[in-house]
Structure formats: C-alpha cells, structure tokens
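# Chain and residue survey
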Amino acid sequence: MIGIVVADDHPIVRSGLTALLGSIDGLTVLAAVADGRAAVREAVTRRPDVLVMDIQMPGLDGIEATRQIAAAAPGVAVLMLTMYEDDDSVFSAMRAGARGYLLKGSEQAEIVRAIQSVAAGEAIFGPGIARRVLGFFAAPPAATEPFPELTDRERDVLGLIAAGRPNAEIAGRLGISPKTVANHISSIFAKLQVADRSEAIVRARQAGLGAPDSAP
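My aim in this report is to walk through the structure given alongside it, one point at a time. Here the residue numbers are simple positions, counted from 1 along each chain's written sequence. Two thresholds apply to this predicted model, a pLDDT of at least 70 for residue-level local features and 80 or more for giving and counting side-chain atom pairs, whereas whole-chain, interface and lining totals are computed over all residues. Processing note: side-chain calculations cover all non-hydrogen atoms of the structure and skip hydrogens and water entirely.

### Quick look at the pairing of strand β2 (residues 27–33)
Definition in use: Pairing between two strands requires that DSSP report at least two bridges joining them. The numbering of helices and of strands both runs from the N terminus, where a helix is a DSSP run of H or I of at least 4 residues and a strand a run of E of at least 2. For the handedness criterion, the strands are oriented away from the viewer, and a crossover whose path from the first strand over the helix to the second runs clockwise is classed as right-handed.
Bridge count between strand β1 (residues 2–7) and β2: six bridges; the pairing is parallel. Of the residues in β2, the one forming a bridge with V5 is A31. Handedness of the crossover joining β1 and β2 through helix α1 (residues 11–22): right-handed.

And the structure:
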C-alpha cells in the first residue's frame, strides 16, 4: 500500500485528487493539506511514500517545502503536480529534490503511474517536461550562477533589490504579487544569512548582480 499526502491550495483540486487516489487499489491518502508548511509537517510526522505537491501555495511554496522535506524526511518522494511548465519552476523543483514533475491536466492513469514510479525510487516527468529536461542536459554547460542556494526567481528578485528597485516595482516587473516578493525576500535573507536589505545589496553587488540602472 502506497501512502500519499496531497498538498494543493485549491479545494476542488485537493478534494478531487483525494477522491481519485483513494479509489485506486494499492493507494491510500493519509492527509490533504492546503499549504507548504502543512505539507512539511505531514511529511515529517506521517512519513508517506509520496507527497503530491503543487508549486504555488500560500505561506511556503511547494519548491521550498520540497527542499525542507528532502532535508528532514528524505524517504518521502515528492511529485510535483502543477500548472507551471517554465524552466525556472521545473529546474528549481528538481534542484529542491522533487522526484517527478507533472502538469495539471495529465490523465488520471498518468498521475497514478507517476505516483507508483516515484514511490519505487524512479524519477518521472510528463512528456513536455521530459523533453525540456533532456534539452537542458544536451545543451552546453552554462556559466556558474552566483548564490546557487537561491532559486532562479529569488536570484531575479535579489538582482532587482540590488538595482535599487522597491517591492512594488519588482512585483510589476516579474508579474507576481507584492506579498510573493516579500516572501522571496524573506527566503533570500535566510539563505544568505543577511540581516537586512542593505546587507543583501552589498552581497549581491559583490557577486556582480544588480548594477544601478540595470535589471534582469
């Protein structure tokens, strides 16, 4: 029996997945939660075989939740099930420790097959995602990015901070909400172990990010 935790902030998706997976022989849903912090808590306390995770969730997003789960409960296989198919999301999830990545809209049989595969220790990706991953590894190696502990999105935010942009402008440039910008900034401060915005700017500029009057 494969134990599963579902983490998705949309009630309809969460209840639909719970009903679907609970109806499949050999699968059992241990819990269904609506945010990343709850997903980490359930992973640590229940130790499911698989945690089906959305990316965009309130409080703690799915990628950071995956990173924390990989550190605290490495035996839990995280399968991303999300609408985001951009390179930033895909490769940030992989770097965080996700074992699989599917898009919402995948066939039910594909989702079940992916859960069974990651529970068995395999890595699995939807067809479009697999092509993207293969293309990445076939490409010439890219130059090393500064601050590898940051996600690509966090690095974008840090560059804009170092360029002197306020949070509202950062949100507009990146197409995200000011609250999401604030969450990214908190994560950046924690990962870089800096106390405030000024110290983050100094670190960023020393690494060549955010020259004044420039932006990603």
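Here the narrative resumes.
### Details of the nonpolar core
One recurring pattern in soluble globular proteins is that nonpolar side chains are buried together. In plain terms, the rule: Definition used in this section: a nonpolar core is a set of buried Ala, Val, Leu, Ile, Met, Phe, Trp, Tyr and Cys residues joined via side-chain atoms within 4.5 Å. Working definition: with a 1.4 Å probe on protein chains only, accessible area under 20% of the residue-type maximum means buried, over 50% means exposed, and in between means partly exposed.
In this structure, A7, L51, M53, I69, M80 and Y101 are the most contacted members of the largest nonpolar core, which totals 28 residues. Put simply, the parts of the chain that give this core at least two residues each are β1, β2, α2 (36–46), β3 (50–53), α3 (62–72), β4 (77–82), α4 (87–96) and α6 (127–138). Counting residues in hydrophobic clusters, the runner-up holds 19 residues, among them A162, I170, L174 and V194.

### Things to note about the pattern of salt bridges
Quick reminder of the rule: Here, a salt bridge means any side-chain nitrogen of Lys or Arg that lies within 4 Å of a carboxyl oxygen of Asp or Glu.
Summed over the entire model, instances satisfying the criterion amount to ten salt bridges. One salt bridge connects K191 with E154, and the closest N-O pair in it is separated by 2.8 Å. Of this pair, K191 sits in helix α9 (residues 178–192) while E154 sits in helix α7 (residues 152–162), and the two are 37 residues apart along the sequence. Among the residues examined, E154 registers a relative accessible area of 5% and is labelled buried. E169 is the partner of R165 in a salt bridge, and the nearest nitrogen-oxygen pair spans 3.7 Å. Take E169: its relative accessible area is 30%, and that puts it in the partly exposed class. Shared partners join several salt bridges into a network, and the residues in it are E64, R67, E154 and K191.

### A few points about the environment of H10
Test applied: Two residues form a contact once any of their heavy atoms are found within 4.5 Å. The term polar contact refers here to a pair of N or O atoms within 3.5 Å; inside protein, the definition further demands a hydrogen-donor-capable atom paired with an acceptor-capable atom, and it admits residues adjacent in sequence only when both atoms are side-chain atoms.
Among the secondary structure elements, H10 is positioned in the loop between β1 and α1. With relative accessibility at 38%, the residue H10 sits in the partly exposed group. Taking the C-alpha atoms as reference, H10 lies 22 Å from D88; in sequence the two are 78 residues apart. Sequence-distant contacts of H10, defined by excluding residues within four places in its chain, comprise D54 and K104. A distance of 3.2 Å separates a polar atom in the side chain of H10 from a polar atom in the side chain of D9.

Taken by themselves, the reported measurements are silent on function.
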